[in-house]
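Each chain is listed here by its residues.
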Amino acid sequence: MERNLVIDSTASEKYMRVASISIAFYEYILTLPAEWRFYRSQSSIFHMSLSCVLFILIRYVSIVTIVTSNYGYFSSHFTQQACQQYYLVAPIFKVVQTMISQAILGVRTFDVARRDRHIGLALLLIYLFLVSVEWFTDIFGRAPVVNDGNCTPADAGKTLSTWFFYLAPMLYDVVMVTISTKHLLHYNPLSSRVERLIRVMIYDGVGYFLVLSASNVLNLILYHTTDFQTQSAGASMGYAVTWIMSQRILIHIREMTELDPRRSENVVIARPTLTARKKMTFGLRSQSESKSQSKNSKYSRDAEFAPTSPRSGNDNAMELGIRVRVERSVITTHTPVDESDHSSLWETKGIGAEQEL
């Protein structure tokens with residue numbers, strides 16, 4: 001009876017590992033066009049954006065992690081001495097992959113929070129603390145296990161320290177998704193394109209949290225047992241899920257913020273006030289008299305009539321990982337009798353966005 005349970009657990013682990021490899025390979029092929037667009041959008045190979053660097057890191061570090069983990073498991077020629085030198089390779093790459101994934105979520109949260117210095121410092125401290133915890137709990141108490149020539153790392157410690165490794169990412173994800181979602185809900189987008197970007201970012205954040213939490217809970221359950229054969233059954237699936245969800249965040253942000261000249265969008269960011277509309281007729285009649293004064297006051301008033309929002313403030317650049325470029329023409333009318341009552345009318349010719357994350 002016990003032997004049958006061991007055989008079933010071993011077969012289940014093989015199926016899960018094969019499934020994770022298949023999913024990862026399919027994801028890699030599916031996202032090759034997105035990878036090419038990432039490379040093509042860079043100004044130079046020596047001046048890559050942060051999003052492109054993180055995309056490359058999470059993509060290929062994840063591949064190395066999956067390969068090293070499954071090579072040790074499916075191999076049949078490991079000796080105890082050889083396994084002693086190899087068994088920590090996969091856990092080390094697992095922590096590196098987790099660090100990159102958390103960096104993506106942290107930078108995203110920092111951008112969404114308008115790059116507030118206090119929030120950025122808090123996020124950095126949380127990141128450094130939890131990364132230290134992850135390194136310690138993932139490496140401490142590990143022991144090499146050789147079974148039929150394969151080599152897998154097992155948690156031999158009495159406290160099962162590796163079990164706590166998965167608690168740290170779950171805590172980090174809760175904090176990052178909560179902060180980013182709270183700030184995203186407070187944005188007041190005046191463009192349908194930015195509104196779609198905010199909606200996609202909310203869905204990506206919540207989806208990232210739910211999927212990775214499910215993977216971490218599975219590994220928590222598996223590592224809570226002392227059976228060496230089943231402890232790492234969900235590890236390979238966790239690598240694939242972390243890779244997919246992390247790079248999807250970067251891909252979606254790049255796609256939503258990429259400027260497409262074929263899809264120009266006219267947006268009225270601010271409408272003229274009632275006073276401006278009333279004085280428009282007067283301004284046309286007295287255009288010859290106020291022309292010279294309008295030229296002198298045009299640039300000083302340009303800042304005064306910048307687009308504002310009760311939620312977003314006076315920033316033209318929304319810290320959503322994008323830069324909003326606004327082109328506008330300004331027509332001003334000036335009344336010398338009442339200089340405190342200024343009025344202006346301006347409209348946006350076009351709006352573009354570039355990725356900055």
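Residues numbered from 1 in each chain as written. Predicted model: local features only at pLDDT ≥ 70, side-chain atom pairs only at ≥ 80, totals over all residues. Heavy atoms only, no water.

Some remarks on empty space enclosed by the protein
For the structure shown, the criterion picks out 6 cavities of 30 Å³ or more. Taken as a whole, the second largest cavity spans an internal volume of roughly 180 Å³. Contributing to the lining of the second largest cavity are 18 residues, with T98, Y166, N216, G238 and T242 lying nearest its centre. Elements represented by at least two residues in the lining of the second largest cavity include exactly helix 5 (89–112), helix 8 (167–185), helix 9 (192–223) and helix 11 (235–257). (1 Å grid on protein atoms, 1.4 Å probe; cavity = no way out; pocket = protein on both sides within 12 Å on 5 of 7 lines; lining within 4 Å. Points joined across faces, edges and corners; volume = space filled by probe spheres on them. Helix = DSSP H or I, 4+ residues; strand = E, 2+ residues; numbered from the N terminus.)

Structural notes on the pairing of strand 2 (residues 150–155)
Burial analysis of strand 2 places 6 of its 6 residues in the buried class, which makes it a mostly covered element. Looking at chain direction, strand 1 (residues 142–147) and strand 2 are connected through 6 bridges and run antiparallel. The residue bridging A143 from the neighbouring strand is A154, located in strand 2. (Buried < 20%, exposed > 50% of the residue type's maximum accessible area, 1.4 Å probe, protein only. Pairing = 2+ DSSP bridges.)

Let's talk about the side chain of S62
Looking at the element boundaries, S62 is found in helix 3 (residues 50–74). For S62, a relative accessible area of 0% corresponds to the buried category. A polar side-chain atom of S62 sits 2.5 Å from the main-chain carbonyl oxygen of I58. With near-sequence residues (within four places) excluded, S62 lies in contact with L57, Q97 and W243. (Polar contact = N/O pair within 3.5 Å; in protein donor to acceptor, adjacent residues only side chain to side chain. Contact = heavy atoms within 4.5 Å.)

Concerning the state of the cysteines
The final tally for this structure, using the stated rule, is 1 disulfide. Paired by a disulfide, C83 and C151 hold their sulfur atoms 1.9 Å apart. Judged by the torsion about the S-S bond (80°), the C83/C151 disulfide is right-handed. Separated by 68 residues along the polypeptide, C83 in helix 4 (residues 80–86) and C151 in strand 2 bring together distant segments of the chain. For the pair C83 and C151, one class covers both residues: buried. (Disulfide = S-S within 2.5 Å.)

Details of unusual backbone geometry
Note: most residues except glycine have negative phi, and most peptide bonds are trans. Of note in the backbone geometry, R114 takes a positive phi value of approximately 60° without being a glycine. Following the sequence through the fold, R114 ends up in the loop between helix 5 and helix 6 (117–139). The backbone phi angle of R115 is positive, close to 55°, even though this residue is not glycine. If you trace the backbone, R115 turns up in the loop between helix 5 and helix 6.

Topic: the confidence of the model for the chain
Chain-level statistics for the chain give a pLDDT mean of 74 and a share of 66% at 70 or above. A low-confidence stretch, residues 1–7 stays under pLDDT 50, and its non-local contacts, those more than four residues away or across chains, total 0 contacts. Counted against residues more than four places away or in other chains, residues 298–329, with its pLDDT under 50, gives 82 contacts. (pLDDT = per-residue confidence, 0-100.)

A closer look at the nonpolar core
By size, the foremost hydrophobic cluster in this structure holds 35 residues, and its most contacted members are I104, L105 and L184. Within the residue set of this core, elements represented by two or more residues are helix 2 (32–40), helix 3, helix 5, helix 6, helix 8, helix 9 and helix 11. Once you skip the residues sitting within four places of it in the chain, I104 turns out to touch L54, I58, S246, I249 and L250. (Core = buried A, V, L, I, M, F, W, Y, C linked by side-chain atoms within 4.5 Å.)

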